[in-house]
Amino acid sequence: MGRGEGRGATGRAILVTGGAGFIGSNFVRFFLGRHPADRVVNLDKLTYAGNLGSLAEIAGDERHEFVRGDIADRGLVRRLAARVDAIVNFAAESHVDRSIAGAEVFVRTNVLGTQVLLEAARAAGVPRFVQVSTDEVYGSLGPRGAFTEESPLRPNSPYSASKAGADLLVRAYHHTFGLGAVVTRCSNNYGAYQHPEKLIPSFIIKALAGQPLPVYGDGLAVRDWLHVEDHCRALDLVLDAGRPGEVYNIGGSSERTNLEITTAILAHLGKPPSLVRFVPDRPGHDRRYAVDWGKIKRELGWRPERSLEEGLAATVGWYLARRDWWEKLLTGG
Ligand SMILES: NC(=O)c1ccc[n+]([C@@H]2O[C@H](COP(=O)([O-])OP(=O)(O)OC[C@H]3O[C@@H](n4cnc5c(N)ncnc54)[C@H](O)[C@@H]3O)[C@@H](O)[C@H]2O)c1
């Protein structure tokens, strides 16, 4: 696909970064399914978190082009940006515990990588840029209330600090250069194709093996859970109609303590509560996150559709059925 075949041809071409990861691969499948005339260029470095197996269902789709590469590679990103009508940036180092063990790669990919993408979008005149961010940039909440898009940024982990840095660069590229950029901040996602290092898949897999489930601290940290398909639907709307320069929170309205999630997973699998093991808390562990998603509801008509009960049952079912996908990730394959 040369430039002439990309912009201006029938249908859009979008550059999705990190499209071999959890949310990115779900989004690529969702987007191609929903927009039969559009195409996706998928740029992913294939770090430990990237997995071409997550894209197997669309392997034969000619509208999907996979490019292995780094979002911080200026030359490559410039060439790809020249061919597309929009960029959706999922690529990131995404695991808080890993950012505590070593923050440098988080700054390189999440901050510098985003700047390289923004600069390429600006230089090539890409009209639309969606930055997929996180509610963790707002920091931690007390027992009541929810973050709005106006809440101050108070990130507490190297991961969330690097995401906040990227959000501010997106804001600056909009204000300084007029880039048509939008930031989304979502709560904890769950669903199919999530890496086994994350809480829900890790606990499903451990429980299946009859191993203890390590719950941080008192288990009462609260997270809001958003099904990945609800998230993809929101991102598709923002890509189409989000107002440039704006931030949109995307929440699931499904707040649960980590202990409640753990107990629900054990119940789905018919495993005993005695598998729960309390372990020392994560340093700087945020107590509670929750977002007010009234703005995306008002402006774009979005709301989450999947209940946590039904979504979690479906997710447990998926991990039971797809050992072929996750088993090799446990051994680093
Ligand atoms: N998973 C969640 O609950 C959640 C919640 C809020 C926000 N987010 C954000 O959503 C985005 C996607 O999250 P995820 O859970 O799918 O992450 P993930 O770790 O599953 O996937 C990240 C993908 O990015 C790729 N990648 C990493 N560094 C790269 C680089 N330098 N160049 C190109 N590709 C690179 C990886 O190979 C991988 O495929 C991230 O930006 C994350 O901050 C995730």
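Our structure's up above, just so we're on the same page.
Paired through their backbone hydrogen bonds, the strands of a sheet run either parallel or antiparallel. In spatial order, the strands read β7-β9-β11; together these three strands make up an open sheet with mixed pairing. The two strands at the open ends of the sheet, each matched to only one other strand, are β7 (188-190) and β11 (255-257). Neighbour to neighbour, the strand axes of the sheet diverge by 50° on average, direction disregarded. Relative to β11, strand β9 (residues 222-227) runs antiparallel, the two sharing three bridges. Residue D224 lies in a different strand from β11, and its bridge partner there is E255. Strands in contact with helix α8 (residues 228-241) are β7 and β9; relative to β9, the strand with the most contacts, it is inclined by about 70°.

Moving on to the nonpolar core. One recurring pattern in soluble globular proteins is that nonpolar side chains are buried together. The biggest cluster of nonpolar side chains holds 81 residues, and the ones touching the most others in it are V84, I87 and V88. Apart from residues no more than four positions distant in its own chain, I87 is found in contact with L15, A81, L117, A121, V126 and F129.

Counting buried positions along strand β5 (residues 128-134) yields seven of seven residues, so the element is predominantly enclosed. By the bridge criterion, four bridges tie strand β4 (residues 86-89) to β5 in an arrangement that is parallel. Looking at β5, one finds that A86 is bridged to R128. Bridging between β5 and strand β6 (residues 181-186) involves six bridges; their strand directions are parallel. Across the sheet, F129 pairs through a bridge with A181, a residue of β6. The parallel pair β5 and β6, bridged by helix α6 (residues 158-177), forms a crossover whose chirality is right-handed.

Moving on, we come to the site of the ligand. The full set close to the ligand counts 31 residues, and G18, G21, A49, G50 and A92 are the nearest of them. Of all the secondary structure elements, the ones that give two or more residues to the shell around the ligand are α2 (22-34), β2 (39-44), α5 (104-124), β5 and β7. Considering every element that reaches the shell around the ligand, the biggest residue donor is α2, with three residues.

Before going further, it helps to examine the packing of helix α3 (residues 74-81) against α5. It is the contact of α3 with α5, at a shortest axis distance of 9 Å, that shows an interaxial angle of 40°. If you check the angle between α3 and α5, you find them oblique. By crossing handedness, the relation of α3 to α5 is classed as right-handed. Counted together, R74, V77, R78 and A81 of α3 and V116, L117, A120, A121, A123 and A124 of α5 form the full contact between these two elements.

Basis of the calculations
- Residue indices begin from 1 for each chain and proceed along its sequence in written order.
- Only residues with pLDDT of at least 70 are given local features in this predicted model, and only at 80 or more are side-chain atom pairs given and counted; all residues enter the totals for whole chains, interfaces and linings.
- The criterion for strand pairing is that DSSP finds at least two bridges linking the strands in question.
- Secondary structure elements are taken from DSSP: a helix is a run of H or I of four residues or more, a strand is a run of E of two residues or more, and numbering for both begins at the N terminus.
- Interaxial angles span 0 to 180 degrees and are taken between N-to-C directions of axes, which are lines fitted to C-alpha atoms, for helices over the stretch in contact.
- C-beta atoms are first placed from the backbone for all residues, and any pair lying within 7 Å is then listed as a contact.
- Buried Ala, Val, Leu, Ile, Met, Phe, Trp, Tyr and Cys residues whose C-beta atoms connect them within 7 Å together make up a nonpolar core.
- We call a residue exposed when 12 or fewer other C-beta atoms sit within 10 Å of its C-beta, buried when the count reaches 20 or more, and partly exposed for counts in between; the C-beta positions come from the backbone.
- When the strands point away from the viewer, a crossover counts as right-handed if the path from the first strand over the helix to the second runs clockwise.
- Each residue gets a C-beta atom placed from its backbone. If that atom is within 6 Å of a molecule or strand, the residue is near it.
- Note on angle classes: values under 35 degrees are labelled roughly parallel, values over 145 roughly antiparallel, values of 65 to 115 roughly perpendicular, and the remainder oblique.
- Two helices crossing with the near one rotated counterclockwise from the far one by less than a right angle form a left-handed crossing, whereas a clockwise rotation gives a right-handed crossing.

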